[in-house]
Amino acid sequence: KAMYAQADYDGAVLEKDIVAGSIMCVFDKTGVKSALGFYVIPNLLKGIAVVQIKEIDEKFAGRITPFIMTAHVSTLNLQPADVESVLQANPGLFKGIGEIALYKDEYKGISPDDVSLLPFYDIAASHGLVVMIHPDDGQRQAIEKILQDYPSVNFLFHGGMRSYVAEIVAKYPNAYYSIDGDLNDIPDEHESANLYGDKTKEEFVVKFKRDYERILTTAITNWRGPIEKNPTKFLWGTDRAYPMHFDEEVGGLLDEIARSFIGQLDPSVQEKFAYKNAEKLI
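Let us look at the structure shown here. Predicted model only: the values in this text are computed from it and were never measured.

1. Some points on the sheet that holds strand β1 (residues 35–40)
Link 1 in the chain: Sheet architecture is open: seven strands sit in the order β1-β2-β3-β4-β5-β6-β7, paired in parallel fashion. Looking along the sheet, the strands with just one partner apiece sit at the ends: β1 and β7 (234–236). Across the sheet, the axes of successive neighbouring strands diverge by a mean angle of 30°, strand direction being ignored.
Link 2 in the chain: Pairing analysis gives four bridges linking strand β3 (residues 96–101) to strand β4 (residues 130–134), with the strands arranged parallel. Within β4, the residue paired with Ile100 across the bridge is Ile133.

2. Brief notes about the pairing of strand β2 (residues 64–69)
Link 1 in the chain: Burial analysis of β2 places six of its six residues in the buried class, the great majority of the element.
Link 2 in the chain: Taking every second residue as pointing to the same face, both faces of β2 are buried, with Ile64, Pro66 and Ile68 on one and Thr65, Phe67 and Met69 on the other.
Link 3 in the chain: Pairing between β1 and β2: six bridges, direction parallel. Opposite Leu36, over in β2, you have Thr65 as the bridge partner.
Link 4 in the chain: Traced from β1 through helix α3 (residues 46–59) to β2, the parallel crossover comes out right-handed.
Link 5 in the chain: As judged from the two bridges shared by β2 and β3, these two strands associate in the parallel manner. Among the inter-strand pairings, Phe67 is bridged to a residue of β3, identified as Gly96.
Link 6 in the chain: On the question of chirality, the crossover connecting β2 to the parallel β3 by way of helix α4 (residues 80–89) is right-handed.

3. With respect to the packing of helix α2 (residues 20–30) against helix α9 (residues 248–262)
Link 1 in the chain: Two elements in contact, α2 and α9, have axes whose closest approach is 10 Å; the angle formed by their N-to-C orientations is 40°. Taken together, the axes of α2 and α9 are oblique relative to one another. You can see that α2 and α9 cross each other, and the crossing is right-handed. Here Val26, Lys29 and Thr30 of α2 lie close against α9, whose contacting residues are Glu248, Gly251, Gly252, Asp255 and Arg259.
Link 2 in the chain: Residues belonging to the contact of α2 with α9 are distributed by class as follows: one nonpolar, three polar and four charged.

4. Topic: the pairing of β3
Link 1 in the chain: Counted residue by residue, β3 has six buried out of six residues, so it is predominantly covered.
Link 2 in the chain: As a crossover connection, the stretch from β3 through helix α5 (residues 118–127) into β4 is right-handed.

5. A closer look at empty space enclosed by the protein
Gaps left between atoms are located by rolling a probe of water-molecule size over the structure's atoms.
Link 1 in the chain: For the coordinates displayed, the defined rule picks out one cavity of 30 Å³ or more.
Link 2 in the chain: In this structure, the largest cavity encloses a volume near 90 Å³.
Link 3 in the chain: Lining the largest cavity are Ile68, Met69, Thr70, Leu78, Val83, Ile97, Gly98, Ile100, Tyr107, Leu117 and Phe120.
Link 4 in the chain: Contributions of two or more residues to the lining of the largest cavity are made by β2 and β3.
Link 5 in the chain: The element that contributes the greatest number of residues to the lining of the largest cavity is β3, accounting for three residues.

6. Quick word on unusual backbone geometry
Link 1 in the chain: A cis amide bond, omega 10°, links Gly98 with the succeeding residue Glu99.
Link 2 in the chain: With respect to the helices, strands and loops of the structure, Glu99 is situated in strand β3.
Link 3 in the chain: The residue Asp188 is not glycine, and still its phi comes out positive at about 60°.
Link 4 in the chain: By the element assignment, Asp188 lies in the loop between β6 (175–179) and α8 (201–229).
Link 5 in the chain: Among the residues examined, Asp188 registers a relative accessible area of 69% and is labelled exposed.
Link 6 in the chain: The backbone phi angle of Asp239 is positive, close to 65°, even though this residue is not glycine.
Link 7 in the chain: When you line up the elements, Asp239 lands in the loop between β7 and α9.
Link 8 in the chain: Residue Asp239 is classed as partly exposed on the basis of its relative accessible area of 25%.

Rules and cut-offs
Residues numbered from 1 in each chain as written. Predicted model: local features only at pLDDT ≥ 70, side-chain atom pairs only at ≥ 80, totals over all residues. Heavy atoms only, no water. Pairing = 2+ DSSP bridges. Helix = DSSP H or I, 4+ residues; strand = E, 2+ residues; numbered from the N terminus. Axes fitted to C-alpha atoms, helices over the stretch in contact; angles between N-to-C directions. Buried < 20%, exposed > 50% of the residue type's maximum accessible area, 1.4 Å probe, protein only. Right-handed = clockwise from strand over helix to strand, strands pointing away. Parallel < 35°, antiparallel > 145°, perpendicular 65-115°, else oblique. Left-handed = near helix turned anticlockwise from the far one by under 90°. Contact = heavy atoms within 4.5 Å. Nonpolar A, V, L, I, M, F, W, Y, C, P; charged D, E, K, R; others polar. 1 Å grid on protein atoms, 1.4 Å probe; cavity = no way out; pocket = protein on both sides within 12 Å on 5 of 7 lines; lining within 4 Å. Points joined across faces, edges and corners; volume = space filled by probe spheres on them.

Dropping the structure here:
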C-alpha cells in the first residue's frame, strides 16, 4: 500500500485486497481460460514477491502468465541487473517485462527509446520475453525506433496510440496491441462510466449499465476496422488493477461487453482477438 501511495496508484495488493483464488472463481464463472498477469515486484521485496508468484503459478497452473512489472517508484524500481537475477533464478516462470507506463509521473518525459530502458529490451531479447509498454502522447517516432532496433522482441502496447496503432501493427511484425479500456468506457469522454475514474463499484456499475450500448457502439466504430485488417495483431484485455475491478459483478460486466464486441467482428477474426493471438504471443 505504501508503494502504491508513492506511485499515486490504488492498485490491489495480492492475497490481501484480492485473493488469487477469488480471481480464479471469477474466471471460472465468466469462462475465462487465462490472463496475462502484470506482477509489481519492488526491489526491496523481490524475494518475497517471487515466492508468492511461484506459489500462485503452481497452484493455478496456466491460469495467469506472469510478467515482471516495475514499481513506478524510483527508489523501488527493479534495475536491469535485478530483472536478470530474477530470471536466472526462476527459468521459464516469466514471459514478459511490463507494464512500463510511460505516462506516469515516474516515467513522464522518458521516451520508449531512452537509454535507461534499452537494457530491459536487451534482457527481453536474450530471454525471449514480451515487453509491454503504455506509451505517452507524442512518442510514435520512438516507438517505431525500438521496433526497428529490436526486431526479435515482441512489443505489446496499449493506450496512447489510438490514432496510429493500426499503421504500426501493419508495418512491424513485432508490434501488438491490447484493446482493453476502450471496451469499458468512451475514450476522451468523461461523463460515461470509467473503470479508473469512478471511485466505487456501485458508481461504476450504475454508469456502465446506463452507458452499455453507447460504449459498445463506440468501440465497434473505432476498432472493428483495424482489427479485421490486422487480425493477428490485436488482443482483448480488461485492464483490471484496482480492487473493485476483481469484483464478481464488475468482472462479469467487463467480460460480457467484451463478448458482445467480439460477436460483432468477422467470424474468422473472433477467436484470434479473443484468445489465439494472446496464446501465440506468449
